[in-house]
Amino acid sequence: MPELISYLPEVLRGVYEFRQLAAAESVELSAADEELKNIAADNFIETLTERGCSRWEKMLGITPKSPDDIEVRRFRILSKLNEELPFTFKGLKRQLAILCGGNGFTAELDNKKYLLSVQVALTAKNQYDEVGKLLEREIPANMEISLSLKYNQHLLFSDRTHGSLAAYTHEHLRNEVMT
């Protein structure tokens, strides 16, 4: 935002009182400008501010956890807004794709056994708890839910030598995203 003094005519810019007045008002106008940007940002889930998150959480009945950053809070709000009943497998897969990304999960439905199996990829493991909550809310009570993480498997490392893998622990190779 340009300095307020630049809006005054040249003849008034040199007057001490006007310079002081412009300096004092510039602080207030900058704060108002920042507030307008925050109001605009709070219109979209992806750009919610702290105040916007609090407002949406209150409306949706979400209780934020203390260690959550703004991104996790936005994610919870988005997942709550994307819920739609009644349950359809296609709709569930669409919601999982929003939460985990298109390749961040696998979902299989066994109608004969009333079993829904969902595996969350390691790339989306931060969303594991939210996926569990989504499944608990949306899946009919007569269906069993099998939720797990899709750990790295031996096939992923078949093109690597034992020497290159020795730098990692077993825990790291199994549980971390490998590039």
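That block above? That's the structure.
Please read these numbers as outputs of a predicted model, since none were measured by experiment. (Residues numbered from 1 in each chain as written. Predicted model: local features only at pLDDT ≥ 70, side-chain atom pairs only at ≥ 80, totals over all residues. Heavy atoms only, no water.)

(A) The arrangement of the pairing of strand S3 (residues 144–150) in detail. Pairing analysis gives seven bridges linking strand S2 (residues 115–121) to S3, with the strands arranged parallel. Each bridged residue has a counterpart across the sheet, and for Val118 the counterpart in S3 is Leu147. Regarding the hand of the β-α-β motif, the stretch spanning S2, helix H6 (residues 128–138) and S3 is right-handed. (Pairing = 2+ DSSP bridges. Helix = DSSP H or I, 4+ residues; strand = E, 2+ residues; numbered from the N terminus. Right-handed = clockwise from strand over helix to strand, strands pointing away.)

(B) Summary view of H6. For H6, the set of buried residues is Glu130, Val131, Gly132, Leu134, Leu135 and Glu138. Buried residues belonging to H6 abut helix H4 (70–81), helix H5 (89–100), S2 and S3. (Buried < 20%, exposed > 50% of the residue type's maximum accessible area, 1.4 Å probe, protein only. Contact = heavy atoms within 4.5 Å.)

(C) Geometry of the sheet that holds strand S1 (residues 105–110). Strands sit in the order S1-S2-S3 across an open sheet of three strands; the sheet is mixed. Strand pairing shows two members of the sheet lacking a second neighbour, S1 and S3, which therefore form its edges. Along the sheet, successive strands turn relative to each other by an average axial angle of 15 degrees, direction set aside. Sheet topology places S1 next to S2; six bridges connect them, and they run antiparallel. Its bridge partner lying in S2, Thr106 is registered against Gln119. (Axes fitted to C-alpha atoms, helices over the stretch in contact; angles between N-to-C directions.)

(D) Structural detail: the pattern of salt bridges. If you walk through the whole model with that rule in mind, you get nine salt bridges. A salt bridge links Arg76 to Glu130, with the shortest nitrogen-to-oxygen separation between them at 2.7 Å. One end of the pair, Arg76, is in helix H4; the other, Glu130, is in helix H6, and 54 residues separate them in sequence. In this structure Arg76 comes out as buried when scored by relative accessible area, which is 11%. Here Glu130 makes a salt bridge to Lys133, at a shortest N to O gap of 3.6 Å. Highlighted residues: Glu130 and Lys133, both in helix H6, separated by three residues, approximately one helical turn. Residues participating in the shared-partner salt-bridge network are Asp68, Arg76, Glu130 and Lys133. (Salt bridge = Lys/Arg side-chain N within 4 Å of Asp/Glu carboxyl O.)

(E) Representation of the nonpolar core within the structure. Core analysis: the largest hydrophobic core is formed by 18 residues, its most contacted members being Leu92 and Leu96. Contributing elements (two or more residues each) for this core: H5, S1, S2 and H6. Looking at this core, the element that brings in the most residues is H5, giving four residues. Not counting residues up to four positions away in its chain, the partners in contact with Leu96 are Gly101, Phe105, Ala107, Val118, Val131 and Leu134. Core analysis: the next-biggest nonpolar cluster, separate from the first, contains five residues, Ile45, Leu48, Cys53 and Ile77 among them. (Core = buried A, V, L, I, M, F, W, Y, C linked by side-chain atoms within 4.5 Å.)

(F) Seen up close, the layout of surface pockets. If you add up the space inside the second largest pocket, you get close to 180 Å³. Listed by contribution, the elements that provide at least two residues to the lining of the second largest pocket are H4 and H6. Looking at which element gives the most residues to the lining of the second largest pocket, the answer is H4, with four residues. Along the lines of polarity and charge, the residues of the lining of the second largest pocket split into two nonpolar, two polar and six charged. (1 Å grid on protein atoms, 1.4 Å probe; cavity = no way out; pocket = protein on both sides within 12 Å on 5 of 7 lines; lining within 4 Å. Points joined across faces, edges and corners; volume = space filled by probe spheres on them. Nonpolar A, V, L, I, M, F, W, Y, C, P; charged D, E, K, R; others polar.)

(G) How the structure looks around the environment of Lys113. Mapped onto the fold, Lys113 is located in the loop between S1 and S2. As a C-alpha pair, Lys113 and Glu144 span 31 residues in sequence and 8.4 Å in three-dimensional space.

(H) Just the packing of helix H3 (residues 50–60) against H4, in detail. It is at 10 Å that the axes of H3 and H4 come closest, and there the two elements cross at 35 degrees. Every pair of crossing elements has a handedness; the one defined by H3 and H4 is left-handed. In this structure, H3 uses Glu50, Cys53, Ser54, Trp56, Glu57 and Leu60 to contact H4, whose residues at the interface are Ile70, Arg73, Arg74, Ile77, Lys80 and Leu81. Classifying every residue of the contact of H3 with H4 by side-chain character gives six nonpolar, one polar and five charged. (Left-handed = near helix turned anticlockwise from the far one by under 90°.)

Worth remembering: the numbers are spatial, not functional.
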